[in-house]
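As a plain string of letters, each chain reads:
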Amino acid sequence: MAPSAKPITSPVPESLYPTLSVLLLAVGLIVTASFFIYAATSSRKSRSLAKELITGAVASVFLGFGSLFLLLSTGVYV
């Protein structure tokens, strides 16, 4: 290895991986629950496609990053 090369490190400290995974997964599950409640309680005529897409995208991002940090905290480096 060249003397000027630096090892690749994570911008997030490894000690925060479990906390981040729990926090992000919890927020993702709450947003997912609000999506299902909205879909179940509103009538077909009063639903908003934009609201459903935004809520689904936000839930997906939080659950995706929560899953990533869960894998990282258990030692599966992806």
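Structure: above.
Residues numbered from 1 in each chain as written. Predicted model: local features only at pLDDT ≥ 70, side-chain atom pairs only at ≥ 80, totals over all residues. Heavy atoms only, no water.

Draft legend 1. How the structure looks around the overall build of the chain. For the chain, the helix and strand inventory stands at two helices and zero strands. For a compact globule of 78 residues, the expected C-alpha radius of gyration is about 12 Å, and the chain comes in at 18 Å, more than 25% above that figure. A principal-axis box enclosing the C-alpha atoms of the chain has dimensions of 65 × 20 × 15 Å. Out of the 78 residues belonging to the chain, those deemed buried represent 18%. Of the roughly 5900 Å² that the chain leaves accessible, carbon and sulfur atoms contribute 72%. (Helix = DSSP H or I, 4+ residues; strand = E, 2+ residues; numbered from the N terminus. Rg over C-alpha atoms; globule rule 2.2 N^0.38 Å. Buried < 20%, exposed > 50% of the residue type's maximum accessible area, 1.4 Å probe, protein only. Areas by Shrake-Rupley, 256 points an atom, 1.4 Å probe, with all protein chains shown as cover.)

Draft legend 2. Up close: a nonpolar patch on the surface. On the surface, Leu 71, Val 76 and Val 78 cluster together into a nonpolar patch covering about 270 Å² of accessible area. As for its placement among the helices and strands, Val 76 is situated in the segment after α2 (49-73). The class of Val 76 is partly exposed, set by a relative accessible area of 41%. (Patch = residues over 30% accessible without salt bridge, like charges linked within 9 Å, V, L, I, M, F, W, Y side chains within 5 Å. Salt bridge = Lys/Arg side-chain N within 4 Å of Asp/Glu carboxyl O.)

Draft legend 3. The arrangement of the side chain of Ser 21 in detail. Secondary-structure assignment places Ser 21 in helix α1 (residues 17-41). Non-local contacts of Ser 21, meaning those with residues more than four positions away in its chain, are made with Gly 66, Phe 69, Leu 70 and Ser 73. (Contact = heavy atoms within 4.5 Å.)

Draft legend 4. Representation of α1 in the model. When the terminal C-alpha atoms of α1 are compared, their 36 Å separation across 25 residues agrees well with the 36 Å that a helix rising 1.5 Å per residue should span. Of all the residues in α1, the buried ones are Tyr 17, Ser 21, Leu 24, Gly 28, Val 31, Thr 32 and Tyr 38. Tucked into the core, α1 has its buried residues touching α2. (Expected span 1.5 Å × (residues − 1).)

Draft legend 5. Spotlight on α2. Its 25 residues place the ends of α2 36 Å apart at the C-alpha level, agreeing with the 36 Å of an ideal helix rising 1.5 Å per residue. Residues Glu 52, Thr 55, Ala 59, Gly 66, Phe 69 and Leu 72 constitute the buried set of α2. Looking at the buried positions of α2, the neighbouring elements they touch are α1. One or two positions beyond α2, positive phi appears at Gly 75, with a value near 100°.

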